[in-house]
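Listed below are the residues making up each chain.
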Amino acid sequence: MKLSWPTRISLRVVALGYLFVLLVLPLIIILMRTFEKGIGAFVDSITTPAAISAFQLSMIIVAIVVPLNVVFGIFTALAVVRGKFPGRTLIQGVVDLPFAVSPVVVGVALILLWGANGWFGGLESVGFKVIFGLPGMVIATIFVTLPFVVREVEPVLHEVGDDQEQAAATLGATRWQTFWRITLPAIRWGLTYGVVLTVARALGEFGAVIMVSSAQPGKSQTLTLLVHGRYINDHNTFGAYSAATLLMGLALVTLLLMTLLERKRGTK
């Protein structure tokens, strides 16, 4: 359908206006509030012990979650695409479950499982505390970021097929040799893109993490919980804006990396 020139202009104005009001304008306001007292005040706000601890905890969670989801994502995608067994559709539905379930519900479910009175609550009696500690925050983040690697690797496996893998097998290559030399190089761009998405989601997760964290500054407070704590509990709006800007900066770096990877992926 060919649209007239005024219609095309009107659609562009409406789309850009919609995006500006919902996305760009709030970010501009946060940046204005953050730097209204100068760069020095911003730096001081994000270098407090609580802010540094929140940043370090966020990075620790990312460092744990990403490798686990990479291993799980690759082997799950291989099982779904290359395997032939009953229940593959069920596995695909389970993988997509974090997209459908609210993160708050995930947090409640983890409390029922790992809390003091939960099914696995006996672990606390031997000194292994899950809920309101780092393990619970890691498990919650793993759950909400679980689908990304699978969903990025799976279509790549469909696209490349298994001809080269079968050829390697006929030449005497073991399964591990085939995986490292054939399969992994073939899925590298999809895998890398899935990793970037996982990092972005892990950094920004709030709903599931706040349910299983004590949110104590310097102990179990991530960057997202720091923003919430400063704004809601401490009524420190400037500190909240500063922490949000730091988090937004990390998200911007991730977004730029995603864009670069998508361009390289498109040229392959």
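Relevant structure appears above.
Quick caveat: nothing in here was measured; it's all calculated off a predicted structure. (Residues numbered from 1 in each chain as written. Predicted model: local features only at pLDDT ≥ 70, side-chain atom pairs only at ≥ 80, totals over all residues. Heavy atoms only, no water.)

1. Some thoughts on helix α13 (residues 223–233)
Okay, step 1: Taken together, the buried positions of α13 are Leu223, Thr224, Leu225, Leu226, Val227, Gly229 and Arg230.
Okay, step 2: Histidine 235 occupies a position one or two residues after α13 and carries a positive phi of about 55°. (Buried < 20%, exposed > 50% of the residue type's maximum accessible area, 1.4 Å probe, protein only. Helix = DSSP H or I, 4+ residues; strand = E, 2+ residues; numbered from the N terminus.)

2. Quick notes on the layout of surface pockets
Okay, step 1: Quantified by volume, the largest pocket comes out at close to 450 Å³.
Okay, step 2: What lines the largest pocket is a set of 17 residues, and nearest its centre among them are Leu27, Ala244, Leu247, Met248 and Gly249.
Okay, step 3: Put simply, the parts of the chain that give the lining of the largest pocket at least two residues each are α1 (5–35), α13 and α14 (237–267).
Okay, step 4: If you tally residues by element for the lining of the largest pocket, the top one is α14, at 12 residues.
Okay, step 5: The residue inventory of the lining of the largest pocket, partitioned by class, reads 15 nonpolar, two polar and no charged.
Okay, step 6: Every residue lining the second largest pocket is counted, 13 residues in all, and those nearest its centre are Glu165, Arg175, Thr178, Phe179 and Thr183.
Okay, step 7: Of all elements in the fold, only α3 (49–82), α9 (163–170) and α10 (175–186) reach the threshold of two or more residues within the lining of the second largest pocket.
Okay, step 8: Tallying contributions element by element places α10 first for the lining of the second largest pocket, with five residues. (1 Å grid on protein atoms, 1.4 Å probe; cavity = no way out; pocket = protein on both sides within 12 Å on 5 of 7 lines; lining within 4 Å. Points joined across faces, edges and corners; volume = space filled by probe spheres on them. Nonpolar A, V, L, I, M, F, W, Y, C, P; charged D, E, K, R; others polar.)

3. Quick notes on a nonpolar patch on the surface
Okay, step 1: On the surface, a nonpolar cluster with roughly 1,000 Å² of combined accessible area is contributed by Tyr18, Leu19, Phe20, Val21, Leu22, Leu23, Val24, Leu25, Ile28, Ile29 and Met32.
Okay, step 2: By the secondary structure assignment, leucine 23 is in helix α1. (Patch = residues over 30% accessible without salt bridge, like charges linked within 9 Å, V, L, I, M, F, W, Y side chains within 5 Å. Areas by Shrake-Rupley, 256 points an atom, 1.4 Å probe, with all protein chains shown as cover. Salt bridge = Lys/Arg side-chain N within 4 Å of Asp/Glu carboxyl O.)

4. Focus: helix α2 (residues 39–46)
Okay, step 1: Of the residues making up α2, those classed as buried are Phe42, Ser45 and Ile46. For α2, the angular spread of the buried residues around the axis is 90°, confining them to a single face. (Arc of directions from axis to C-beta.)

5. Some details on the nonpolar core
Okay, step 1: Ranked by internal contacts, the top residues of the largest apolar core, which has 17 residues, are Val70, Ile74, Val153, Leu157, Leu184, Ile187 and Leu191.
Okay, step 2: At the level of elements, α3, α8 (147–160), α10 and α11 (188–204) are the ones that each hand at least two residues to this core.
Okay, step 3: Looking at this core, the element that brings in the most residues is α3, giving seven residues.
Okay, step 4: Setting aside chain neighbours within four positions, we find leucine 157 in contact with Ala77, Leu78, Val81, Arg82, Thr183 and Ile187.
Okay, step 5: Core analysis: the second largest hydrophobic core is formed by 15 residues, Ile61, Ile131, Met137 and Val138 among them. (Core = buried A, V, L, I, M, F, W, Y, C linked by side-chain atoms within 4.5 Å. Contact = heavy atoms within 4.5 Å.)

6. Let's talk about the side chain of serine 213
Okay, step 1: Here serine 213 shows up in the loop between α12 (207–212) and α13.
Okay, step 2: Take serine 213: its relative accessible area is 5%, and that puts it in the buried class.
Okay, step 3: Reaching out from serine 213, the side chain makes a polar contact with the backbone nitrogen of alanine 215 at a distance of 2.9 Å.
Okay, step 4: Of note is the side chain of serine 213, whose polar atom sits 2.5 Å from the backbone oxygen of serine 220.
Okay, step 5: Aside from chain neighbours lying at most four places away, what touches serine 213 is Phe132, Met137, Ser220 and Leu225. (Polar contact = N/O pair within 3.5 Å; in protein donor to acceptor, adjacent residues only side chain to side chain.)

So, to be careful, I would describe these as geometric facts and stop short of saying anything about function.
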